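Okay, here's what each chain looks like letter by letter:
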Amino acid sequence: MNKRTLLTIAMVVAVALLAFAPLQAQDGAVLNVAWPYTVPPTGHFNTFAANGMVLGQYQDLHEPPLAVLLWASGEYEGMAADSFGWDADGNYVVTLVDGVTWSDGSAMTADDLMATFNLFRLRGDAVWASLTGIEKVDDMTVKFVMDAPSSLAERLILITNLRPASVYGDLADRAAMLEPGDEWDALLAELTEFRPEVPVSGGPYKIDPASITEANLMMDLNPGGFASDIQNFDQVRVWNGETEVVTPLVANEELWYITHGIPPTTEEAFSSQGIDIVRSGMNNGPGLYVNFAVYPLNLVEVRQAIAYAIDREQNGFVSLGESGVAVEYMDGMSDGLSEAWLSDETLDSLNTYSYDPDKATELLTSVGFSKNDDGVWVDDQGNTLSFELTFPQEFADWSAAAENVTAQLNDFGFDITARGVPFQQHPQEVYDGNFQMAIRNWGLGDPIPARSYLEAYNRYNGQGEVAGEAGSVGIGFDNNVSYSGGEINVFDVSNESAQGVDHDVQAALVTELAVSYNELLPAIPLWERYTNNALNRNFLSLPDVSDPTFANFGGGADNWMTYFILTGQVAPAS
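Everything numeric in this text was worked out from a predicted model, so none of it was measured.

Each value, and the rule that gives it
Residues numbered from 1 in each chain as written. Predicted model: local features only at pLDDT ≥ 70, side-chain atom pairs only at ≥ 80, totals over all residues. Heavy atoms only, no water. Salt bridge = Lys/Arg side-chain N within 4 Å of Asp/Glu carboxyl O. Helix = DSSP H or I, 4+ residues; strand = E, 2+ residues; numbered from the N terminus. Buried < 20%, exposed > 50% of the residue type's maximum accessible area, 1.4 Å probe, protein only. Domains from an automatic or database assignment. Contact = heavy atoms within 4.5 Å. Buried area = accessible area lost by both parts, 1.4 Å probe. Polar contact = N/O pair within 3.5 Å; in protein donor to acceptor, adjacent residues only side chain to side chain. Nonpolar A, V, L, I, M, F, W, Y, C, P; charged D, E, K, R; others polar. Pairing = 2+ DSSP bridges. Phe/Tyr/Trp six-rings, centres within 6.5 Å; stacked < 30°, edge-to-face > 60°. Lys NZ or Arg CZ within 6 Å of the ring centre and 35° of its normal. Axes fitted to C-alpha atoms, helices over the stretch in contact; angles between N-to-C directions. Left-handed = near helix turned anticlockwise from the far one by under 90°. pLDDT = per-residue confidence, 0-100.

Asker: Could you clarify how one ought to interpret the pattern of salt bridges in this entry?
Answerer: Between side chains of opposite charge, a pair can form as their charged atoms come close. Evaluated as defined, the whole model comprises 16 salt bridges. Across the pair Arg163 and Glu63 runs a salt bridge, and its minimum N-O distance is 3.5 Å. Of the two residues, Arg163 is situated in the loop between α3 (151-158) and α4 (165-176) and Glu63 in the loop between β1 (30-34) and β2 (67-70); the sequence distance between them amounts to 100 residues. This pair shows no difference in class: Arg163 is buried, exactly as Glu63 is. The network of salt bridges with shared partners includes Arg155, Asp446, Arg451 and Asp558.

Take a look at the structure:
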């Protein structure tokens, strides 16, 4: 047998062995993903404040979550939390994984939990509606004290991204000693303005400050961080930008996974390249918000008329193709959640506001409105229904939704002018009440209905999301409402609906929220976004879409991609 034959046999054997060998990371392997971020100095490393380098769902990679909910089973899987659950007194107890260190060398301990939640209290996070206090049990364990068990509190605790006490401990310790007042406001301002010199990571990757450019940034492997020992990539490159910026990078195969909403034509082009389009429900989508300080948008008949005047199926399809699914029940939460929480009788009673311009006309004339000689609606005070509709201009799907809504309402007889606003600026304008009509999200990618309702009744009603955003009027909706079921405070009922663990009791409260929302339309849902995430498996190896983890939300908390990364299931394609 000659040398060439021996070499051929050896090569065949080697290839055969590789087929059965576990996939190993290549030296210097880089995972290419994308998220829009703000470049320093406006962008910074305080993840409690606006413009912080949170990086969306990829926050999990540098500030790990305590746990992830696997939606298919309804069970939480611990991440930074080693154990968690209710004690005999109805308090929630979390113990962290031992042996994890932050990138500054400090150990991950209960002090980090205490610091994180004390600063949540300072900025008014929703979790504190259920908590009466937090107590350090031992070096790794914290007790979350509450009057009664709350499924929402459990959810908000477990999806929390942990922050380091080594960075925020001083602010947090002072916050723990204060009650609302002048000193409280001053400390909140100090938190908002705080700018750490470097980002400190407790996850598998850490941001390299020197790498940050307008185009992308690098996250390096973080030895000692949570799950760092099972990673298959040495670095994660996060490309910066919204849809129009990142889609050419996907087409050029420089970028391998995006969560951005892509238009149908782009989706077709990607599919023809062999790029997978992954669809999963998001429990939210774009909605039409109005400023209740602007007459006559505060009239329920006007909002109902607007709902009837918009063909939501058309709006969803032109915006996002098969991934823009028209909302049916119009009750402030996704149709899937509605069917899970509401009785058939309640579902049948809801007004679906099916496209009906005649019904819209009937509602407007019922409050004394009419059309002028130009075919434009005029209110009972002689003013045309002329409004500006703002939207985040970089969001391709929401931009398309805004443009289509504008065209449809103008065809009906409104006088709407659409204006794009930079996506970083747009939410704050809504929080500040600096708008007339705006496209923002209804609902939230979360299995607990209360969190969807709190988007309208808390976040967009002036609270905002992070430190420095709160304190203004927002949409100006009065949370004390009257509807066919009586009088309720929808903010209070939203929080109450997630208290306890009795599903029937919770469902009764969710029913009140759904019916009142359906009648009053504090915001007008358009369509539910299903992801059309572009995933290039020529470069990435991860489980097939038949894996039940893909039932998880395609963005934000419980994201299936970051779950796969944290559990070592994403690797370079062989």
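Asker: Please clarify how the domain arrangement of the protein chain should be interpreted in this entry.
Answerer: Accessible area lost upon the coming together of the parts serves often as the stated size of an interface. The domain boundaries assigned to the protein chain delineate domain 1 (61-193), domain 2 (205-281 + 531-572) and domain 3 (284-529). Using C-alpha coordinates to define each centre, domain 2 is positioned 31 Å away from domain 3. On the domain 3 side, the residues contacting the 16 residues of domain 2 number 15 residues. When domain 2 packs against domain 3, close to 1100 Å² is buried across both sides, 49% of that on carbon and sulfur atoms. At the junction of domain 2 and domain 3, the tally comes to one salt bridge. For Arg279, the salt bridge is made with Glu322, and the minimal N-O distance between the two is 3.8 Å. Along the contact surface separating domain 2 from domain 3 lie three residue pairs in polar contact (both at pLDDT 80 or more). Its residues placed into classes, the side of domain 2 that touches domain 3 shows four nonpolar, nine polar and three charged.

Asker: Honestly, the environment of Asn383 in this entry has me stumped. Any pointers?
Answerer: Mapped onto the elements of the fold, Asn383 is located in the loop between β16 (377-378) and β17 (386-392). Those residues in contact with Asn383 that sit more than four places away from it in its chain are Trp377 and Val378.

Asker: Is there a simple way to explain the pairing of strand β5 (residues 92-96) in this structure?
Answerer: In regular strands, side chains alternate between the two faces of the sheet. A large share of β5 lies buried, amounting to four of its five residues. Of the strand pairs in this sheet, strand β4 (residues 81-86) and β5 are connected by five bridges, and their pairing is antiparallel. Bridge pairing in β5 places Phe84 opposite Val94. In textbook terms, the turn of a hairpin is the stretch between consecutive antiparallel strands, and for β4 and β5 this stretch comprises five residues, one of which, Gly90, has a positive phi near 80°. Relative to strand β7 (residues 141-146), β5 is paired through four bridges, and the arrangement is antiparallel. From the neighbouring strand, Val94 faces β7, where its bridge partner is Val142.

Asker: Honestly, the packing of aromatic side chains in this entry has me stumped. Any pointers?
Answerer: What describes a pair of aromatic rings is the distance from one ring centre to the other and the angle between the planes of the rings. One pass over the full model with this rule turns up 24 aromatic pairs. With a centroid separation of 4.7 Å and an interplanar angle of 75°, the aromatic rings of Trp86 and Tyr92 are classed as edge-to-face. The ring centre of Trp128 lies 6.0 Å from the NZ or CZ of Arg121, which sits over that ring. Lying across the ring of Phe412, Lys371 places its NZ or CZ 5.7 Å from the centre.

Asker: What am I meant to see in the packing of helix α9 (residues 312-320) against helix α13 (residues 396-412) here?
Answerer: Relative placement of two packed helices is described by the angle separating their axes and the distance separating the axes. Contact geometry of α9 with α13 gives a least axis separation of 8 Å together with a crossing angle of 140°. In the packing of α9 onto α13, the handedness of the crossing is right-handed. On the side of α9, the interface is formed by Gln314, Asn315, Val318, Ser319 and Leu320, while α13 contributes Asp397, Ala400, Ala401, Asn404, Val405 and Gln408.

Asker: Is there a simple way to think about the sheet that holds strand β13 (residues 284-290) in this case?
Answerer: Where strands meet in a sheet, backbone hydrogen bonds hold them as pairs that are either parallel or antiparallel. If you trace the five strands from one edge of the open sheet to the other, you get β18-β17-β19-β13-β22, paired in mixed fashion. Looking at strand neighbours, the two that pair on one side only are β18 (415-421) and β22 (523-525), the edges of this open sheet. Ignoring which end each strand starts from, the neighbouring axes of this sheet average 40° apart. Where β13 lies against β22, three bridges are found, and the strand directions are antiparallel. Following the sheet pairing, Leu288 is matched in β22 by Ile524.

Asker: Would you take a moment to explain the confidence of the model for the protein chain for this structure?
Answerer: In regions of low pLDDT, the predicted coordinates are not meant to be interpreted in detail. Chain-level pLDDT for the protein chain is 92 on average; 94% of the residues reach the 70-or-more range. Confidence over residues 1-26 falls short of pLDDT 50; this stretch has 13 contacts with residues more than four positions distant or in other chains.

Asker: What exactly am I supposed to notice about unusual backbone geometry here?
Answerer: The residue after Pro40, namely Pro41, is reached through a cis peptide bond having omega 10°. Mapped onto the elements of the fold, Pro41 is located in the loop between β1 and β2. The omega torsion of the bond from Tyr295 to Pro296 falls at 5°, within 30 degrees of zero and hence cis. On the secondary structure map, Pro296 appears in the loop between β13 and α8 (300-309). Although it is not a glycine, Asn51 adopts a positive phi angle of roughly 70°. According to the relative accessible area criterion, Asn51 is partly exposed, its value standing at 36%. Its identity is not glycine, yet Leu55 carries a phi of approximately 70°, on the positive side. Position of Leu55 among the secondary structure elements: in the loop between β1 and β2.

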